There are 2 protein chains.
Amino acid sequence: MNYKKAMTTDFSEWLAQFACDFDKQFEAILNDELSSDSRLHRAMRYALLGGGKRIRPALCTLVAGDNANPSVVARAAMAVEAVHTYSLVHDDLPAMDDDCLRRGRATTHVEFDEATAILCGDALLTYAFELLATLDVPAEQRVELVRVLSRAAGHNGMVLGQQLDIDATSQSISFSDVQAIHQLKTTALITAAVQIGAVIGGHNAADWGEFAEKIGMLFQVVDDILDATADSRQLGKTAGKDNAADKPTAVSVLGLDEARDYAAQLCEAAKSNLQQLGVDSSSPTNLMPEFLLGRSF
Amino acid sequence: MNYKKAMTTDFSEWLAQFACDFDKQFEAILNDELSSDSRLHRAMRYALLGGGKRIRPALCTLVAGDNANPSVVARAAMAVEAVHTYSLVHDDLPAMDDDCLRRGRATTHVEFDEATAILCGDALLTYAFELLATLDVPAEQRVELVRVLSRAAGHNGMVLGQQLDIDATSQSISFSDVQAIHQLKTTALITAAVQIGAVIGGHNAADWGEFAEKIGMLFQVVDDILDATADSRQLGKTAGKDNAADKPTAVSVLGLDEARDYAAQLCEAAKSNLQQLGVDSSSPTNLMPEFLLGRSF
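Residues numbered from 1 in each chain as written. Chains lettered and ligands numbered in written order. Predicted model: local features only at pLDDT ≥ 70, side-chain atom pairs only at ≥ 80, totals over all residues. Heavy atoms only, no water.

Turning our eyes to something else, we now look at the side chain of His 41 of chain A. Tracing the chain through its elements places His 41 of chain A in helix 2 (residues 39-48). For His 41 of chain A, a relative accessible area of 2% gives the class buried. A distance of 2.9 Å separates polar atoms of two side chains, one belonging to His 41 of chain A and the other to Ser 36 of chain A. Beyond its immediate chain neighbours, meaning those up to four positions away, His 41 of chain A contacts Glu 33, Leu 34, Ser 35 and Ser 36 of chain A together with His 155 and Asn 156 of chain B. (Helix = DSSP H or I, 4+ residues; strand = E, 2+ residues; numbered from the N terminus. Buried < 20%, exposed > 50% of the residue type's maximum accessible area, 1.4 Å probe, protein only. Polar contact = N/O pair within 3.5 Å; in protein donor to acceptor, adjacent residues only side chain to side chain. Contact = heavy atoms within 4.5 Å.)

Rotating chain B by 180° and moving it 0.0 Å along the rotation axis overlays it on chain A with an RMSD of 0.0 Å. Here the symmetry operator amounts to a two-fold rotation axis. The share of interface residues of chain B whose copies in chain A are also at the interface is 100%, consistent with both copies meeting through the same surface. (Least-squares fit on C-alpha atoms with pLDDT ≥ 70 in both.)

Next up on the list: the packing of helix 3 (residues 55-64) of chain B against helix 4 (residues 70-91) of chain B. Residues and elements named next belong to chain B. Put simply, helix 3 and helix 4 touch, their axes get as near as 8 Å, and they point 150° apart. The angle between helix 3 and helix 4 places the two elements in the roughly antiparallel class. For the crossing formed where helix 3 meets helix 4, the hand is right-handed. Residues Arg 56, Pro 57, Cys 60, Thr 61 and Ala 64 of helix 3 pack against Val 73, Ala 77, Val 80, Glu 81 and His 84 of helix 4. (Axes fitted to C-alpha atoms, helices over the stretch in contact; angles between N-to-C directions. Parallel < 35°, antiparallel > 145°, perpendicular 65-115°, else oblique. Left-handed = near helix turned anticlockwise from the far one by under 90°.)

We now examine the interface of chain B and chain A. With 44 residues of chain B at the contact, the number on the chain A side is 44 residues. Considering only the side of chain B, the residues that lose the most area to chain A are Leu 119, His 155 and Gln 163 of chain B, jointly responsible for 18% of the buried surface there. Along the contact surface separating chain B from chain A lie two salt bridges. The partner of Glu 130 of chain A in a salt bridge is Arg 151 of chain B, and the shortest N-O contact between them spans 3.3 Å. (Buried area = accessible area lost by both parts, 1.4 Å probe. Salt bridge = Lys/Arg side-chain N within 4 Å of Asp/Glu carboxyl O.)

Further remarks concern the packing of aromatic side chains. Under the counting rule described, the total for this entry stands at 17 aromatic pairs over all chains. Between Trp 208 of chain B and Phe 211 of chain B, the ring centres sit 5.7 Å apart and the planes meet at 80°, which makes this aromatic pair edge-to-face. If you follow Arg 105 of chain A out to its NZ or CZ, it ends over the ring of Tyr 46 of chain A, 3.7 Å from the centre. (Phe/Tyr/Trp six-rings, centres within 6.5 Å; stacked < 30°, edge-to-face > 60°. Lys NZ or Arg CZ within 6 Å of the ring centre and 35° of its normal.)

Here the focus is helix 4 of chain B. All names here are of chain B. Its 22 residues give helix 4 an end-to-end C-alpha distance of 31 Å, which sits within 8% of 32 Å, the value for a rise of 1.5 Å per residue. For helix 4, the buried fraction is high: 20 of the 22 residues fall into the buried class. A side-chain oxygen of the first residue of helix 4 lies 3.0 Å from the backbone nitrogen of Ser 71; this N-cap is Asn 69. (Expected span 1.5 Å × (residues − 1).)

Given below as structure tokens:
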């Protein structure tokens, strides 16, 4: 797929088309590799193919660029989405956020059961590393991708962020503490999506670090704003969760107006990063920051 | 450490010394890499350093042999033990086996809480791949190790075995069905421990497949026998669990005597595999099958 050709001035249209194409490829691969009728495979397919905006795969694909091997990019993007999906499945468990709605459908433990949801998450996480280890790229690159993803997703990345997020419940913390939690909980994996795209596209992953950081923080602030302002039908997941759980967020700490100002600053910073990176002006990547910001109004 | 030198005629003595040395190295690495006072790191250290016989690391180390780089072998063996430990932490959760005793101590979710135990397991699994991806061996080898471990531990290996084991509860199934579940639930990861040792030791991993299969099945049959015959104090975990949960095991399907006969056959087969592999007669590896069998009497 040529993403430049697919570019429209409306990023949401581009993203919807991307998600549709991505899901088709994803489903074909899952039909090959997770094809059994076991409860585990059914739960994995249910969780993975439950819609989702596919922001992380889109980022990975956009950063990789048109010169990268499309099937390699797709499998690598699937690995990132598998990690994101496992984190949602485990987050939604009764012992964690105890949520019954995700991507407009019953959460995995509601559709199946808790034990299956725990195992489904475990299997999705493991599958992500299997996908990366068997990519059709040189071993040096594969091992770099495993390193990037394991560091971003693990005990000093996303999982630590989830732990700190739980610990912060009902605590009065500063905005910089909220930012530190968001950096781990959300930005780390989004940064990994960008870095994985960069490695596969033959770019210098470090060059993309600042953009990844800004877009990851923007994504989380917008998520906080949406949690406070949208309804569950719009979100496809339970709205008002952070407030109900008494979790500190950008909105609870800054207030809605200031959170929107902060999001707008992150959007401008991300756009300026893209200019510095010399991203082709026709690339849909340039439209992503404003698309994310736009969701919050 | 020269494991040949460390050999004694008593494998349990050798194993106790190995576990002691291994735990010291493990603790030093965790003090470096999981050193924060976060609840997550504390839970990970609690789960990883809670004793354990270290059978899988021992197998990995023995198969790697004396010519392999000891620090590489240790880190690879830690990766295998991290996967084993995560599987125990998640298995013990209320939604799974709901157990409060493991390795003679409170299970992780009892010592901390359920959310922390879920995240702890997730982080241990991710950490295993980080350990392998950052080993001091050529990228080709690292990627092979990630491939071996992810396949063994994932949706067509250990996690599937755990799902099938749950599904088989209260079902009347044949011995070959029990074997198929055990192959996935237990043997797959033990085989990975052997294969990882073989890759690091520069041996042909496929040559070790039959031995790994036999020793893995032997380990599980002995575990079934112990569950039915030993008490919780001896086991360091709740005894009689399989029977209480109405899970089909080698003992429930074959009866105790026939299960012991089957274990003895597996022991002989594993010893004969070691002979065919030309394992040095002075290696403690030769004593492992009878050590495992001996636990069941």
